[in-house]
Each structure stands twice: as C-alpha cells, then as structure tokens.
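The residues making up each chain are set out below.
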Amino acid sequence: MHEVRYLRPESLAEAVHLYRTTPGCRPLAGGTDLMVMLHAGTLQPQPLAVLDLWSLNELKGVRRTSDMLEVAAAEPYTGIIRSSDVQRHLPALAAAARTIGAAQIQNRGTLGGNLANASPAGDTLPVLLAYDAAVVTDRRTIPIDRFFTGYRKTALQSDELITAVRFPLGRQVAFRKVGTRAAQAISKVVMAVSRSPARVAIGSVAELPLRARRAEAALERGDIAGAVAAVAEDVRPIDDVRSTAAYRRAVTQNVLGELLDAFARG
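Counting restarts for each chain, with residues numbered from 1 along the sequence as it is written. In keeping with the predicted nature of the model, local features appear solely for residues at pLDDT of at least 70, side-chain atom pairs appear and are counted solely at 80 or more, and the whole-chain, interface and lining totals rest on all residues. Only heavy atoms go into the side-chain values, all of them from the structure, while hydrogens and water stay out.

Trainee: What is the right way to look at the environment of Thr99 in this model?
Mentor: By secondary structure assignment, the location of Thr99 is in the loop between helix H5 (91-98) and helix H6 (103-108). Among all residues touching Thr99, those that are not within four sequence positions of it are Asp123, Phe175 and Lys177. Here Ala96 takes part through its backbone oxygen, which lies 2.7 Å from a polar atom of the side chain of Thr99. Secondary structure is summarised from DSSP: a helix means a run of H or I of at least four residues, a strand means a run of E of at least two, and numbering begins at the N terminus for each. Contact definition: two residues touch when any of their heavy atoms are within 4.5 Å. Under the rule applied, a polar contact is a pair of N or O atoms within 3.5 Å (in protein, one hydrogen donor and one hydrogen acceptor; residues adjacent in sequence only if both atoms are side-chain atoms).

Written out as structure tokens, the structure is:
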C-alpha cells in the first residue's frame, strides 16, 4: 500500500477547502467502499490523501421541512433505518437500507457514499430515482435523474462534495431486491416503483441505475401489462458471475408485475 495522507477537518467549510486544494484527495465517510480499495491498492492517483468527513455534524442527521425530508450525506444507514421521519415518509428508503450488508456495514455505510460510488448495483439508488430525490452538494442541487452519467460516473465535479439528499414528501414507493441470498448479497436486480407519478427505477440491469421510461409511459396510460412487457426493452443487463442477462431481464419483468399487483390490491 502506498503512503496515504490523512486529513480530518473540523467543519464542512474546512472540508470543502481541503478537498479543493489537496492533490489526490478522496472523501471518506463510513469507509465501507474506500477502505476496501485502499487495502487492495486500487486507488489512483498518487499521492493519495483521505478526507475524513465522518465526524462532521453538518453531514449527519435527518431533517424535516414542510414539504421535504433531507438526509445528510454522512448519516449511516442505521440512522436512516431508525429515523421515525424516514419510516413514515420514505419507507422504501428504510427498506433498501436494511438490505445493505450486515449491522456493521449499516453502522458505517452512508447514502452519500452509495451515491458517490455510483455502482449500478447500489441498493438505495433506484429508491432515490423513484422518489425524484435531489443530490445537494457544497455548491448546487442536482436532480437525481441527471446525476448518473455512466458506469460509476456521476455529474459531480472533481472537487465537489455531496452534503445531503432531499426527498419530496407524499410519494408512495415500493422496493424489492433480488439477490443470491436473503441477506448480505449484491443485488441481481433491485427495483423501486411509484404509481403516481409513474416511476420505475432499476439497478443491476445496466451500466448505471436507470428509470425505465417505456414502462413508465405505459403506466401513465394505465396499461400495467404493457408496462411489464416494455420494461424488458428498457433494461440492458449483462452476463456476469452473479447472473445471466436473460435471468435479469425475466426477473425484472416478474418483480415489476408483483409490485404493480401489490399497488392494485392497495
């Protein structure tokens, strides 16, 4: 492992300054992804500096406003799961957080980290798309459907820090994850669905988390069978060690049908 410079700011303002002025700087929140990369020696460039954001109160908590719920970027999944506001207004987010690893990962992993890592299999990311969330940074607000730009790529500038995620209230969203095991598994297909407005958001079926636009258009017309058929054209699955493309496409259709049936039953 190469030598790593460790930076621990005392405020968000200091963190922003250090991130903009320190060569090779990488943000560290819970560290559940970054520590694996450090151990494997896969982080570039060199020299490398780690910016520890974990202790910043400005990046912790769940805050309610009149028409919005804001989850701070470094709030761990455990805090999200336990939040009464999340349980009441964003139950699909709590459900997704419960599927991420074991208790140790949930105690350290963060929503901001899941976003910045931008894995197509990130369990919370379809939920954010279904809720029409917005990513707040130190300088702007980015609608979630403009955030993911490619495989593990985002709209973030190289020196831009995620500070929070904002969710509008009043949205009913259903969530489902399909993995090899019932727990502690990387998703084969992960989906979040809203009926009004129509949102069908899926992970692990393309190079980035996506909204199934054809399926959404069918739902807007009230055509449930059409939505289930159309979603197979929206996804771009691949064969890999966890599953085949054909399996992912079939499961995507099955899960969407089940979630829409559940909505219809009320």
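There is more to say, and it comes next.
Trainee: In this structure, what is going on with the environment of Thr154? I would like to understand it.
Mentor: By the element assignment, Thr154 lies in strand S9 (residues 153-154). For the pair Thr154 and Leu115, spaced 39 residues apart in sequence, the C-alpha separation works out to 8.4 Å. Excluding residues within four positions of it along the chain, Thr154 makes contact with Leu115, Ala116, Ala118, Phe147 and Thr149. In this structure the side chain of Thr154 is engaged in a polar contact, spanning 3.2 Å, whose partner is the backbone nitrogen of Leu156.

Trainee: Would you mind going over the sheet that holds strand S1 (residues 4-7) with me for this structure?
Mentor: The strands that make up a sheet are held in pairs by hydrogen bonds between backbone atoms, and each pair lies either parallel or antiparallel. At least two DSSP bridges between two strands are required for those strands to pair. If you trace the 3 strands from one edge of the open sheet to the other, you get S1-S3-S2, paired in parallel fashion. Looking along the sheet, the strands with just one partner apiece sit at the ends: S1 and strand S2 (25-28). Pairs of neighbouring strands in the sheet enclose a mean axial angle of 25°, with direction left out of account. Where S2 lies against strand S3 (residues 48-52), 4 bridges are found, and the strand directions are parallel. Considered in S3, the bridge of Cys25 is made with Ala49. All axes are obtained by fitting lines to C-alpha atoms, using only the stretch in contact for helices, and the reported angles, taken between N-to-C directions, cover 0 to 180 degrees.

Trainee: Is there a simple way to explain helix H11 (residues 245-265) in this structure?
Mentor: Structurally, the α-helix is built with 3.6 residues per turn, so residues lying three or four positions apart point the same way. Across its 21 residues, H11 extends 30 Å between first and last C-alpha, which sits within 8% of the 30 Å expected from 1.5 Å per residue. Only protein chains enter the accessibility calculation, which uses a 1.4 Å probe. A residue is then buried if its area is under 20% of the maximum for its type, exposed if over 50%, and partly exposed in between. Residues Ala245, Arg248, Val251, Thr252, Val255, Leu256, Gly257, Leu259, Leu260 and Phe263 constitute the buried set of H11. Next to the buried residues of H11 lie strand S11 (173-179), strand S12 (187-194), strand S13 (199-203), helix H9 (213-220) and helix H10 (224-234). Backbone geometry just downstream of H11 places Gly266 in the positive-phi region, at approximately 80°. One fewer than the residue count of a helix, multiplied by 1.5 Å, yields its expected span.

Trainee: Looking at this model, I keep getting lost on the nonpolar core. Mind explaining?
Mentor: Nonpolar side chains tend to gather and get buried jointly when the protein is soluble and globular. Within this scheme, the nonpolar core is defined by two criteria: the residues are buried Ala, Val, Leu, Ile, Met, Phe, Trp, Tyr or Cys, and they are joined through side-chain atoms within 4.5 Å. With 40 residues, the main nonpolar core has Leu93, Leu115, Leu128, Phe147 and Phe167 as its most contacted residues. Elements represented by at least two residues in this core include exactly strand S5 (68-72), helix H3 (77-82), H5, helix H7 (111-117), helix H8 (125-130), strand S10 (162-168), S11 and S12. Apart from residues lying up to four places away in sequence, Phe147 is in contact with Leu115, Val135, Ile142, Lys153, Thr154, Ala155, Leu156 and Ile162. Of all hydrophobic cores here, the second largest spans 25 residues; its members include Met191, Ile202, Ala227 and Leu260.

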